Amino acid sequence: MEKPQERPETQQSSPQMAAPDGGWGWVVVGSLFVTSALVFGLIRSLGVFFVEFVQYFDESAQAVSWITSIGLAMQQLMSPIAAAACNVYGARPVVMMGGFLSGLGFILASQAKSLLHLYMTMGFTSGLGWALVFTPTVASVMQYFTMRRSLAMGLGFTGVGLASFAFSPLFQYLVEVYAWRGALLLLGGLSFNMIACGALIRPLGNPKVVEKTENSTNLNRCSFLRSRIYECFELSLLSHRGFLTYAVAITFFNAGYFIPYVHLVAHSRNIDFTEYQAAFVISVTGVADIVGRVASGWASDLGKMRMPHMLVVWTGLLGLFLMLIPAAASYPGLLVVSLAYGFCAGAMTPLAFAVVPEIVGIERVLGALGLVQLIESVGGLLGAPLSGWLKDYTGTYTASFITAGSFIVLGMLVTMTLPYFWSCTAPLPPSPSNRKSQDCSIEDGLLKATSPDSVCETVPRGGYTA
Amino acid sequence: MPHTQQSSREGALFSMANVMLLIVLLLYCDGMNTETTSSPESDPVITTKKAVSKGQSQVIIEELTILTPQNIELLCNLTDLPNNPLYITGYWTKDGQEIQNSEETVNRNNEQYILKRTFRIETRDLGNYSCVFRENEAQVTFVLDVPVMKDKRDKPVVSYIGDSVVLECKLKHTPNTWNWYKANNTEKVFINVTANPLNYKILNNGTKTKLTVLNLTEEDSGKYICSAEFDIKPSVSYVQLKVMSYTEPLKPFIAIVVEVVVLVTLILLWEKCNKPQQNNSSESDVYSEQTRKLTHDESNGSENNTARQRKVER
């Protein structure tokens, strides 16, 4: 007799195929909006707290800036784990857990007695929470959309810009009224809203890995565990040339991308602008960032130009403007360059994510996002301390801005070596003609069962059959 | 010969008296000299500060920072006067009041009129010095004062009971020393770190000073005054401190947590309410799947009829 559990498997042959491209998808975009606001918008506005920490703990600015570095690094390093958990349990519980952890980190931070406590709470705990929230939400949006993916991503990411615009004065106000301890407590509560965002992500189908449990009973534990890890973490991507090229490019982008957000305020103060003038520069950059995201998402969906090409255009301009920032000596000049920089930085972001399914295919997008963030964390860990060291060594921020710009340009050059970059039409994602047989692995054997456009016709090695 | 002896003795006495008188006179004059130069340094040092006013009715304000008692020569230079008179009269005022006997006639010198005066500045002499001309509305004011601490926080510094807080003051010039006071109604109470090491810590670093107040209680709230001591006069600024209990931020925090719980419950409930329809449809699919498989597997079984019947019933 047939077992009831097998029914769902045969019924929903490909969970990711049902891409509504609208409807509940827009609610998930809203969830991405709030999530990116509460993760990256929050991180960007933490500068207010750093001034307080430097004074309270009597530590150097560099020691305090490690808090953000650790948080960002955790968000990226733990992404594959988030992706794996998502593959097993589905996006919803993972995001809800992540929201809880991020809030918990800030609540514990409000009781900190030393800088180390802040590293552990705001850095590690909240960073882990952010990882569990961000990657699954982005992947869910990608699953819900195909035709309007870039626009959905662009709209979702506007949360970052709007939040950094609104959060800076809000956090300043909170610190003035409640001191940094009370303000951190309230931020923890604010971060709890991500639990509600997670609740909004209705699963489109069963998680990828659950379906395969039936087939594994025949094999021994060791290879079972190995293959489970392999498929959860999507490790087949590590032998995919397009993915690796993209990961290296993103690493370079990451090295240069965050530097201005860390140093722009300090740079403005350094050249003797007032506090409010400096804050205004950041606000202007933020607004331009928001506009850039939506504009780029909408323009990319029009299909006039291939996504990797658009990415190269935006990142080239971004690198150029970054290098021009130190050259702007007057206040209007700095405003204009920052505006241009903000627009290009915003324009680049949705494309950097939306191009992933084009490179690796939608089935592997979750694992790809996880792995790419792990790899790009190297860039992030290098970028900010390097620019801080350059500032201490040379006395001004000129060298660090130029370094950031050159990282971006380097990433742009690497992007140009993507497979199929120089062709005018986009290839079919996992393209049949170029895949060598070594790409065919256990992973593809599994893919064969789930998606009709899986490519490898050779007999899958390993024991898995659909 | 006694006449000459007497006259020579008288002459010697006279010359001795003259010499003594000379010596006394010299000493007196010496004393007078030190009095008139009246400068602490060995050479009389006079700092000259100038301001140029062009035409009529131009108001210029110059801020001068004074750290120690000193002599200052203030100079007002007037140019581009209409009618170019041969001479004009000008006088000095301090804080709006005319200084006695300060009126002078200034002759024209290459299209310029220069009025200058040397002032001795001690503690009570700090203020606004202006040169005023009777024929002209132009006014040049020199503001003589100790360094003023700008960028004061208008908002109070906030902290919690049991926590510690750092209050800071900074200046552009290094004072001789920094002192901190706590304002108690109308009087100042000096903060003595050695008498109270558990509650206060002071760190002075040239142009900056930091007062750390530990083990805060509600009574520690209030106005703290930092005083930069200079030779001539101290420069003061104040910082307001507010100490509150942890229940203050706890109230909005609990409100936010309640809001999140309500939202999550609503979202999950709403989805559950929409779910039974989906469950019904999936169950019917399962059921038809089951019947289809049964008919396929037991095509020549005896239950064929029942299956067909079951199918017909649906």
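Computed from a prediction, not measured in an experiment: that's the story for all the values here. (Residues numbered from 1 in each chain as written. Chains lettered and ligands numbered in written order. Predicted model: local features only at pLDDT ≥ 70, side-chain atom pairs only at ≥ 80, totals over all residues. Heavy atoms only, no water.)

## Some words on the sheet that holds strand β14 (residues 200-205) of chain B
Residues and elements named next belong to chain B.
Phase 1: Read across the open sheet, the 3 strands follow the order β11-β15-β14; overall the sheet is antiparallel. Each end of this open sheet is capped by a strand with a single partner; those strands are β11 (165-170) and β14. On average, each strand axis in the sheet is inclined to that of its neighbour by 15 degrees, with strand direction left out of account.
Phase 2: Pairing of β11 with strand β15 (residues 208-213) involves 6 bridges; the strand directions are antiparallel. Paired with Cys-169 across the two strands is Thr-209, which belongs to β15. (Pairing = 2+ DSSP bridges. Helix = DSSP H or I, 4+ residues; strand = E, 2+ residues; numbered from the N terminus. Axes fitted to C-alpha atoms, helices over the stretch in contact; angles between N-to-C directions.)

## Some thoughts on the interface of chain B and chain A
Phase 1: Contacts between chain B and chain A engage 34 residues on the former and 31 residues on the latter.
Phase 2: It is Phe-253, Ile-267 and Glu-271 of chain B that lose the most area in chain B upon contact with chain A, and together they represent 18% of the buried surface on that side.
Phase 3: Linking chain B with chain A are 4 salt bridges, by the criterion used here.
Phase 4: Here Arg-92 of chain A ties to Glu-271 of chain B by a salt bridge, and the two come within 2.5 Å at their closest N and O atoms.
Phase 5: The tally of links between chain B and chain A comes to 8 residue pairs in polar contact (both at pLDDT 80 or more).
Phase 6: Of all the secondary-structure elements, those providing two or more residues to the side of chain B that touches chain A are β10 (157-160), β11 and α2 (247-297) of chain B.
Phase 7: When residues of the side of chain B that touches chain A are assigned to their parent elements, the largest contribution, 22 residues, is made by α2 of chain B. (Contact = heavy atoms within 4.5 Å. Buried area = accessible area lost by both parts, 1.4 Å probe. Salt bridge = Lys/Arg side-chain N within 4 Å of Asp/Glu carboxyl O. Polar contact = N/O pair within 3.5 Å; in protein donor to acceptor, adjacent residues only side chain to side chain.)

## Here we look at the state of the cysteines
Residue and element names in this part refer to chain B.
Phase 1: Following the criterion strictly, the structure yields 2 disulfides over all chains and no others.
Phase 2: Covalently, Cys-76 is tied to Cys-131 through a disulfide, its sulfur atoms 1.8 Å apart. Because the torsion about its S-S bond is -105 degrees, the bridge between Cys-76 and Cys-131 counts as left-handed. Residue Cys-76 is located in strand β3 (residues 70-79), and its partner Cys-131 is located in strand β8 (residues 127-133); the two are separated by 55 residues in the primary sequence.
Phase 3: Among the residues examined, Cys-76 registers a relative accessible area of 0% and is labelled buried. (Disulfide = S-S within 2.5 Å. Buried < 20%, exposed > 50% of the residue type's maximum accessible area, 1.4 Å probe, protein only.)

## Notes on the nonpolar core
Phase 1: Core analysis: the largest hydrophobic core is formed by 131 residues, its most contacted members being Phe-49, Phe-53, Leu-118 and Leu-184 of chain A.
Phase 2: Residue contributions to this core peak at 17 residues, all from helix α8 (residues 149-191) of chain A.
Phase 3: Excluding residues that lie within four positions of it along the chain, Leu-118 of chain A makes contacts with Phe-53, Phe-57, Ile-67, Ala-109, Ala-112, Gly-123 and Leu-184 of chain A.
Phase 4: Of all hydrophobic cores here, the second largest spans 47 residues; its members include Trp-92, Leu-126, Phe-142 and Val-239 of chain B. (Core = buried A, V, L, I, M, F, W, Y, C linked by side-chain atoms within 4.5 Å.)

## Some thoughts on a nonpolar patch on the surface
Residue and element names in this part refer to chain A.
Phase 1: Together, Met-305, Val-313, Leu-317, Leu-320 and Leu-324 make up an exposed nonpolar region whose accessible area comes to about 380 Å².
Phase 2: Position of Leu-320 relative to the elements: it lies in helix α14 (residues 307-324).
Phase 3: Owing to a relative accessible area of 45%, Leu-320 belongs among the partly exposed residues under this scheme. (Patch = residues over 30% accessible without salt bridge, like charges linked within 9 Å, V, L, I, M, F, W, Y side chains within 5 Å. Areas by Shrake-Rupley, 256 points an atom, 1.4 Å probe, with all protein chains shown as cover.)

## Description of the domain arrangement of chain B
How big an interface is tends to be stated in terms of accessible area lost as the parts join.
Residue and element names in this part refer to chain B.
Phase 1: Here the domain parsing of chain B yields domain 1 (2-145) and domain 2 (157-249).
Phase 2: If you look at the interface, domain 1 gives 10 residues, while domain 2 gives 5 residues.
Phase 3: Summed over both partners, the interface of domain 1 with domain 2 buries about 650 Å², with 74% contributed by carbon and sulfur atoms.
Phase 4: If you sort the residues of domain 1 by the area they bury against domain 2, Leu-67, Thr-123 and Leu-126 come out on top, with a joint share of 61%.
Phase 5: Taken together, domain 1 and domain 2 are joined by 0 salt bridges. (Domains from an automatic or database assignment.)

## Let's talk about the pattern of salt bridges
Two side chains with opposite charge may pair up if their charged atoms get near one another.
Phase 1: Overall, the coordinates contain 10 salt bridges over all chains when judged by the stated rule.
Phase 2: Here Arg-134 of chain B makes a salt bridge to Glu-103 of chain B, at a shortest N to O gap of 2.6 Å. Of this pair, Arg-134 of chain B sits in the loop between β8 and β9 (139-145) while Glu-103 of chain B sits in the loop between β5 (97-98) and β6 (104-107), placing them 31 residues apart in sequence.
Phase 3: For Arg-134 of chain B, a relative accessible area of 47% puts it in the partly exposed group.
Phase 4: The class of Glu-103 of chain B is partly exposed, set by a relative accessible area of 39%.
Phase 5: Via salt bridges that share partners, Arg-92 and Arg-202 of chain A together with Glu-271 of chain B belong to a single interconnected network.

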